[in-house]
Each structure stands twice: as C-alpha cells, then as structure tokens.
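# Understanding the architecture of this molecule
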Amino acid sequence: MSRAVDHAANHAASRAAFKAGVIECLQLIPSYIPFGLVCGVASVQAGLGEWGAVALAAFAFAGSAQAVLTQFLSSGAPLTIAILSGLVVNLRIAVYSAAIAPRIKGATAKERVLWAAFLVDQTFISNEARHQRGEHMNHPLAFYLGCALTLWPWWVLMNAIGAFAGAKLPASWQLDFTIPLSFVAMVVPLLKSRSQILAAIAGGAAGVLLYAMPLKLGLIAACALGTCVGMAVDALLKIKTTEATR
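Reading guide: rules and limits
Residues numbered from 1 in each chain as written. Predicted model: local features only at pLDDT ≥ 70, side-chain atom pairs only at ≥ 80, totals over all residues. Heavy atoms only, no water. Salt bridge = Lys/Arg side-chain N within 4 Å of Asp/Glu carboxyl O. Helix = DSSP H or I, 4+ residues; strand = E, 2+ residues; numbered from the N terminus. pLDDT = per-residue confidence, 0-100. Expected span 1.5 Å × (residues − 1). Buried < 20%, exposed > 50% of the residue type's maximum accessible area, 1.4 Å probe, protein only. Arc of directions from axis to C-beta. Contact = heavy atoms within 4.5 Å. Patch = residues over 30% accessible without salt bridge, like charges linked within 9 Å, V, L, I, M, F, W, Y side chains within 5 Å. Areas by Shrake-Rupley, 256 points an atom, 1.4 Å probe, with all protein chains shown as cover.

### Some words on the pattern of salt bridges
Per the stated rule, a full pass over the model turns up three salt bridges. Its salt-bridge partner being glutamate 128, residue arginine 103 comes within 2.4 Å of it at the nearest N-O pair. Highlighted residues: arginine 103 in the loop between α6 (92–100) and α7 (109–117) and glutamate 128 in helix α8 (residues 121–133), separated in sequence by 25 residues. Here arginine 133 makes a salt bridge to glutamate 135, at a shortest N to O gap of 3.0 Å.

### Digging into the confidence of the model for the chain
In low-pLDDT regions, the fine details of the predicted coordinates are not to be read closely. Across the chain, the average pLDDT comes to 81, with 85% of residues at 70 or higher. By mean pLDDT, the top-scoring element of the chain is helix α9 (residues 140–164) (92), and the lowest-scoring one is helix α10 (residues 178–187) (60).

### Points about helix α11 (residues 194–209)
In this model, α11 (16 residues) spans 22 Å end to end at C-alpha, consistent with the 22 Å of a helix rising 1.5 Å per residue. Taken as a whole, α11 has its buried residues at Ser195, Ala199, Ala202, Gly203 and Ala206. Looking straight down α11, one finds its buried side chains confined to an arc of 95 degrees; they lie on one side. Across α11 from its buried face, at more than 90 degrees, point the exposed residues Arg194, Ile201 and Val208.

### Section: helix α3 (residues 50–60)
Taken together, the buried positions of α3 are Ala53, Val54, Leu56 and Ala57. The buried residues of α3 all sit within an arc of 160 degrees when viewed along its axis, so they share a single face. In α3, the exposed residues that point more than 90 degrees away from the buried face are Trp51 and Phe59. Contacts made by the buried residues of α3 are with α2 (29–45), α4 (63–74) and α9. Just downstream of α3, phenylalanine 61 is the residue with a positive phi angle, here 45 degrees.

### Examining a nonpolar patch on the surface
On the surface, Leu79, Ile81, Ile83, Leu84 and Leu87 cluster together to form a nonpolar patch covering roughly 470 Å² of accessible area. Of note, leucine 84 is situated in helix α5 (residues 79–89). With a relative accessible area of 46%, leucine 84 lands in the partly exposed category.

Right, here's the structure in full:
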C-alpha cells in the first residue's frame, strides 16, 4: 500500500514538473514564429524543397545552424562545407552539455539521448532557470521534456508554414533577430553573481568584436572567453574570501 502511494506521489510530481516545463516555454512561442518562417523560406530557396525543409527543421532542431547551412547551400557551396559550417555554429551545444553533464550523471542511456536530442539555447536556459530556483529537483527530465515538447513541434510547424507559404513571405524581412532577443531576456535575470555578470559582458563584447571571423567561429571564441573570464573572477573572489577569513 505504501509503495503504491509513493508511486502515485512520484507520478504526480513528475506530471507537475512536465507541466511547469510547458508553462516555462510557452512564453517563447512568439519568438519562434518569425524565425521559423524565415528558416522555412530559406530552406526552400536553398533547394531542399518543402518537405526537405520540414525534415531539416524536425531532425536538426537548431535554428542558427539551419540558417548557416541554407545560406551556404544558396551561395553554391559544397554540401560538405555547408554541413561542417552548421556543425561549427552548434559547437556551443558542447558547452551546454558540459554544464548539464554533472547533474545527469545518474541518467540512463535512453534518458541521455533525450537530453541530447532537444538541447538548444531555450531548453538549456529554461532548465538552468529551474535549477537555480531549486524547483522539481527530483524530476529534471520531466521538466526538460515539457520544455522540449512545447518548442520542438512549434518550431517544425513554423518552418512548415514558411516552406509551403514561402512565396508570400519576403525573405528580406530578416526577422531571425527575435530569437537572440528572447534569449537575452531570459539570461539577464539569471546573472546574479559578479562572476556571472562579468562573464556575460566579456562574452557579449567578444561576440561583437569577433563577429566577422570565418565559419562563425567568433561565437565559439566568445563563449570560451566568457567562460574563462567567469571562472577567473570566481577563482579570484574565492582567494580573497579565504584570505579575509584567515
């Protein structure tokens, strides 16, 4: 009887975490509309066709990488170069993976596949916000899947609409800026410590200064620099705190 009660309570907590993930990411739905439409149009213009555009959105689930890939294809670059360029842009996901890895070390192989499949900017930062708030700590995957299953179908749908109705949507609108704006709006409230704030400033400044680097490597360099600055400041603050307590 006790085991059944515990199972029911655990199931209810998991459902609550999933629902919280859905609610967390509903606010991001509007920002996916213009970016998804533009990416759908760009995929068709790159020669992938309507259903190819939908498939790319569904299996890649990476707006910036998708945009770079279609830009290279449209300019006549070889497919291998286009794919490698998209992968380079997505190297920041390796940073996200490193941040999440210690928290999911007890996850099964199947659970790790789910964490990896839907790891994008918005699902990562939403999960980080949850972790900082200390919410649903026993059901992080349920919360994460709530985020993913809110954003992923919507992303695919917006790409599909852009692909099939692309002739009526001018590609020159350049509406993809809404995604980084929404990301900034989510990140800023999480910057609470001095090391986090300085890391964000350093990374942002580096991103602007290194924007012209080939293959979008400026983004990766900015991520690395921001991380190093944050770690260095954190280490210096710990040294000062230790010396002050002596």
